[in-house]
Amino acid sequence: MATRIRKGPANDGDRPATVSRVEEVGPTHAKGLHHLAGLGLNVRQGEPCEAMRVDFELSCGSTALRIGGEDYTVSLRVCHVSLERENCEVAPHSRYEHRLGKGSFEVSGTETHSSGKSREGGVGIDVAADASPIKPSLIGRLAGRYKRSARKGEEHQEVVRREPIVDLISTSGQDRWQVGDPMHADARRNDGKLQGTYFGEERDKDGEVRELCVIGRGCSTLPVVLTATVSASFGHVVVHRHEGQADAEDRIDVEATLRQRSTKAAKSHAVTKADLKARVAGLVMAKALNEAQREAGFPVAEGEFLIAAHSLAIPPERVKSDEDHP
């Protein structure tokens, strides 16, 4: 990838040093993953070198991959953005984060209660198999929840809805951000997949998008180098076979099942089998990428694979010589 140079206004010796030139490499992607996640990294021209705002945008989508001779669609539920930096420090409390508040989405579940006096004279509660995973003792303390009730004989059914607070983007270690909640992923979407652009949710009082972070240059005679990477872990990859695709083995299984079971059971079996094969294919893909990238010398963590990278370099100040003086 060729290096691009962006030039800004020249520095005046009587003014604080500002960003006048940025050398850029990338973004580059792992083969076949350019539609899965894209990133844009930028440092604003004219920014003071002691407080440079780092702009960042992440765009997520789906990509088609051929795994084991079959076609799949790959998406993400959670990914990580990491920032490697040289000759600069991140200003405290400047790292980007975004939390989904009440009203962004809701989680609902049905609970069935059977009333009766216990040994202590209280009311006993039996939670049905399809009940919410939340413990009954915690239901009364959930903020923002409301109930709709209906009685059936001696049983009392309640549909409990709540609006939890979820971190869509949160810091996750040193100069690392997690995009998507491990349980709810992008909770604003029914399928939870990461889709669209991120890091543009938070804005300042003037309506301008907040920066990824603010950095201050270290030594003025050395360049500042930033590299942003997007990676994902094996367990947060969603893999689906293309609709309508079924191999010969699947078709034979479905035909045999149709003769023995109902149509509904046969379809359920076929879908479950296809889902299982897709999960295995996803693990094979992720593991192969991880091994190839580690062998190539990329700094990829165990259990993860790199998707894309983008680097910037801000050259040092030019040292003035005697010829520069009148």
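Further up the page is the structure itself.
Below or above, wherever it landed, is the structure these notes cover.

Reading guide: rules and limits
Residue numbers restart at each chain and count upward from 1, following the sequence in its written direction. Under the rules for a predicted model, residues below a pLDDT of 70 receive no local features and side-chain atom pairs below 80 are neither given nor counted, while totals for whole chains, interfaces and linings still include all residues. Heavy atoms throughout the structure, all of them, feed into the side-chain values; hydrogens and water do not. Numbered from the N terminus, helices here are DSSP runs of H or I no shorter than four residues, and strands are runs of E no shorter than two. Each residue gets one of three labels from its accessible area relative to the maximum for its type: buried under 20%, exposed over 50%, partly exposed in between, using a 1.4 Å probe on protein chains only. Every residue pair with non-hydrogen atoms within 4.5 Å of one another is taken to be in contact. Per-residue and other accessible areas were derived by the Shrake-Rupley procedure at a 1.4 Å probe size, with only the shown protein chains allowed to occlude residues. Criterion used throughout: strands pair if DSSP finds at least two bridges between them. Under this scheme, a helix contributes an axis fitted over its contacting stretch, all axes are lines through C-alpha atoms, and angles between N-to-C directions fall in the 0 to 180 degree range. Using only the protein atoms, space was sampled on a 1 Å grid; points where a 1.4 Å probe fits but cannot get out form cavities, open sets with protein on both sides within 12 Å along at least five of seven lines form pockets, and lining residues are those with an atom within 4 Å of a point. Grid points are joined across faces, edges and corners, and a volume is the space filled by probe spheres set on the points. Here, a salt bridge means any side-chain nitrogen of Lys or Arg that lies within 4 Å of a carboxyl oxygen of Asp or Glu.

**Here's the deal with the overall build of the protein**
Consideration 1: Assigned secondary structure in the protein consists of three helices and 19 strands.
Consideration 2: Taking all 326 residues of the protein together, the buried fraction comes to 38%.
Consideration 3: Taking all contacts inside the protein whose residues are at least 6 apart in sequence as the whole, residues at least 24 apart take part in 69%.
Consideration 4: Surface accessibility of the protein: about 19,000 Å² in total, with carbon and sulfur atoms responsible for 50%.

**Details of the sheet that holds strand 18 (residues 237-241)**
Consideration 1: Taking strand neighbours across the sheet as the criterion, the three strands line up as 5-6-18 in an open arrangement whose pairing is antiparallel. The open sheet has two edge strands, strand 5 (63-67) and strand 18, and neither has a second partner. Each strand axis lies, on average, 40 degrees off the axis of its neighbour in the sheet, ignoring direction.

**Some details on the side chain of glutamate 70**
Consideration 1: With respect to the secondary-structure elements, glutamate 70 resides in strand 6 (residues 70-76).
Consideration 2: The class for glutamate 70 is buried, based on a relative accessible area of 16%.

**Some words on the layout of surface pockets**
Consideration 1: Taken as a whole, the second largest pocket encloses approximately 300 Å³ of empty space.
Consideration 2: Lining the second largest pocket we find 17 residues, and of these Thr28, Phe298, Leu306, Ala308 and Ala309 sit closest to its centre.
Consideration 3: Among the elements of the structure, strand 2 (21-29), strand 17 (224-233) and strand 19 (304-314) are those that each provide at least two residues to the lining of the second largest pocket.
Consideration 4: Of all the elements, strand 19 adds the most residues to the lining of the second largest pocket, at six residues.

**Notes on the pattern of salt bridges**
Consideration 1: All told, the structure shown has 14 salt bridges when counted by the stated rule.
Consideration 2: With a closest N to O distance of 2.9 Å, glutamate 47 and arginine 53 form a salt bridge.
Consideration 3: On the basis of relative accessible area, glutamate 47 is assigned to the buried category, the value being 7%.
Consideration 4: One salt bridge connects glutamate 89 with arginine 85, and the closest N-O pair in it is separated by 3.5 Å.
Consideration 5: Overlapping salt bridges, with partners in common, bring together Arg85, Glu89, Arg95 and Asp175 in one network.

**Here we look at the pairing of strand 19**
Consideration 1: With respect to burial, strand 19 is a largely interior element, nine of its eleven residues being buried.
Consideration 2: Bridge count for strand 2 against strand 19 is five bridges, and the pairing is antiparallel. Bridge pairing in strand 19 places valine 25 opposite serine 311.
Consideration 3: Relative to strand 19, strand 17 runs antiparallel, the two being bridged by ten bridges. Across the sheet, the residue bridging to threonine 227 is serine 311, located in strand 19.

The values reported here are purely geometric and, on their own, carry no functional implication.
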